[in-house]
Amino acid sequence: MFVRLFLLFVLLPLADLVLIWMLLQIHIGITVLWILVSGLVGAWYVRRQGTEVMADLRATVADNQLPTNVLVEGALVLFAGGLLITPGLLTDLFGFSMLIKPCRRWYRKRILSWLKGKLMIQTGTMRGSFSGEDIIDAEVVRRKGGDSASDSAHIVEPEKLVESPEVSS
């Protein structure tokens, strides 16, 4: 983990500085133009893609489907906006790549497959006649490979749910 953080926070900005220095050696006008154009075009394109993702989200929810893919794409558009306001040539190129739909779908597939490898989601429903009592649906999310001693489970009695509708875990 330390190596990944080192690469992210030290080597990426260093590579950006080297690229900007090379652009400055070529011509200062090109460097200033790149910064202005990437900021303006990036802001416009993030807004446009964000609007499209929101329309897709509304359509998915209206079809009574789980909006997993759309939410991941929305997070990618938001992350791309953050990269575009971060100074640097590499961060701009990476941010712009997240705004292109085929690239964003490729990123989405990689992120979802990584998450599926890290999480195990179990769902369960109790069914039966409970003489007027509420039926409680439950969902448990645990890390794969986690030992049961470190996993903590929160069990809430149905009576407590009625008394306190806002239960935090």
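Higher on the page you've got the structure.
Residues numbered from 1 in each chain as written. Predicted model: local features only at pLDDT ≥ 70, side-chain atom pairs only at ≥ 80, totals over all residues. Heavy atoms only, no water.

**Q** Is there a simple way to explain the overall build of the protein in this structure?
**A** Of regular secondary structure, the protein possesses six helices and two strands. Looking at the protein as a whole, 19% of its 169 residues are labelled buried. The contacts in the protein between residues at least 6 apart in sequence include a share of 49% that link residues at least 24 apart. Accessible surface, the protein: about 13,200 Å² in total, of which carbon and sulfur atoms supply 65%. (Helix = DSSP H or I, 4+ residues; strand = E, 2+ residues; numbered from the N terminus. Buried < 20%, exposed > 50% of the residue type's maximum accessible area, 1.4 Å probe, protein only. Contact = heavy atoms within 4.5 Å. Areas by Shrake-Rupley, 256 points an atom, 1.4 Å probe, with all protein chains shown as cover.)

**Q** How should helix α3 (residues 68-85) be read in this particular structure?
**A** Helical geometry: 3.6 residues make up each α-helical turn, so side chains three or four residues apart lie on a common side. An ideal rise of 1.5 Å per residue puts 26 Å on 18 residues; α3 measures up with 26 Å between its terminal C-alpha atoms. Among the residues making up α3, those that are buried are Val 70, Val 72, Glu 73, Leu 76, Val 77, Ala 80, Gly 81, Leu 83 and Leu 84. Check the buried side of α3 and you find it contacts α2 (28-62), α4 (89-99) and α5 (101-118). (Expected span 1.5 Å × (residues − 1).)

**Q** Quick question: what am I supposed to make of the packing of aromatic side chains here?
**A** Two aromatic rings are characterised by how far apart their centres lie and by the angle between their planes. Taken as a whole, this structure holds three aromatic pairs when the rule is applied. In this structure an aromatic cluster arises from ring pairing among Phe 94, Trp 106 and Tyr 107. (Phe/Tyr/Trp six-rings, centres within 6.5 Å; stacked < 30°, edge-to-face > 60°.)

**Q** What should I look at first to understand the nonpolar core in this one?
**A** A general trend in soluble globular proteins is that nonpolar side chains are found buried together. One finds Leu 76, Met 98 and Leu 99 to be the most contacted residues of the largest nonpolar core, which totals 14 residues. Secondary structure elements with two or more residues in this core: α2, α3, α4 and α5. The element that contributes the greatest number of residues to this core is α3, accounting for seven residues. Beyond its immediate stretch of four places on either side in the chain, Leu 99 contacts Gly 42, Tyr 45, Val 46, Gln 49, Val 77, Ala 80, Leu 84 and Arg 104. (Core = buried A, V, L, I, M, F, W, Y, C linked by side-chain atoms within 4.5 Å.)

**Q** Explain the side chain of Ser 97 here, please?
**A** Tracing the sequence through the fold places Ser 97 in helix α4. Judged by relative accessible area, which is 14%, Ser 97 ranks as buried. Discounting chain neighbours no more than four positions away, the residues touching Ser 97 are Cys 103, Arg 104 and Tyr 107.

**Q** So what exactly am I meant to see when it comes to unusual backbone geometry here?
**A** For residues other than glycine, phi is negative in most cases, and the peptide bonds are mostly trans. Phi at Asn 64 is positive, roughly 55°, even though this residue is not glycine. By the element assignment, Asn 64 lies in the loop between α2 and α3. The exposure class assigned to Asn 64 is exposed, which follows from its relative accessible area of 72%.

**Q** I keep staring at the pattern of salt bridges and nothing clicks. Help me out?
**A** When their charged atoms lie close together, side chains carrying opposite charge are able to pair. One pass over the structure, following the stated rule, counts four salt bridges. Across the pair Glu 73 and Arg 104 runs a salt bridge, and its minimum N-O distance is 3.4 Å. Here the residue Glu 73 occupies a position in helix α3, and Arg 104 occupies one in helix α5, the gap between them amounting to 31 residues. Linking Glu 73 and Arg 108 is a salt bridge whose minimum nitrogen-to-oxygen distance equals 2.6 Å. Of this pair, Glu 73 sits in helix α3 while Arg 108 sits in helix α5, placing them 35 residues apart in sequence. Classification of Arg 108 by relative accessible area gives buried; the value is 12%. Here the salt bridges share partners, and the residues they tie into one network are Arg 48, Glu 52 and Lys 101. (Salt bridge = Lys/Arg side-chain N within 4 Å of Asp/Glu carboxyl O.)

**Q** Would you mind going over the packing of α4 against α5 with me for this structure?
**A** Angle between the axes and distance between the axes are the two parameters that describe a pair of packed helices. Where α4 contacts α5, the two axes come as close as 5 Å, and the packing angle between them is 95°. The angle between α4 and α5 falls in the class roughly perpendicular. Contacts from Phe 94, Ser 97, Met 98 and Leu 99 of α4 reach α5 at Lys 101, Cys 103, Arg 104 and Tyr 107. Taken together, the residues of the contact of α4 with α5 sort by class into five nonpolar, one polar and two charged. (Axes fitted to C-alpha atoms, helices over the stretch in contact; angles between N-to-C directions. Parallel < 35°, antiparallel > 145°, perpendicular 65-115°, else oblique. Nonpolar A, V, L, I, M, F, W, Y, C, P; charged D, E, K, R; others polar.)

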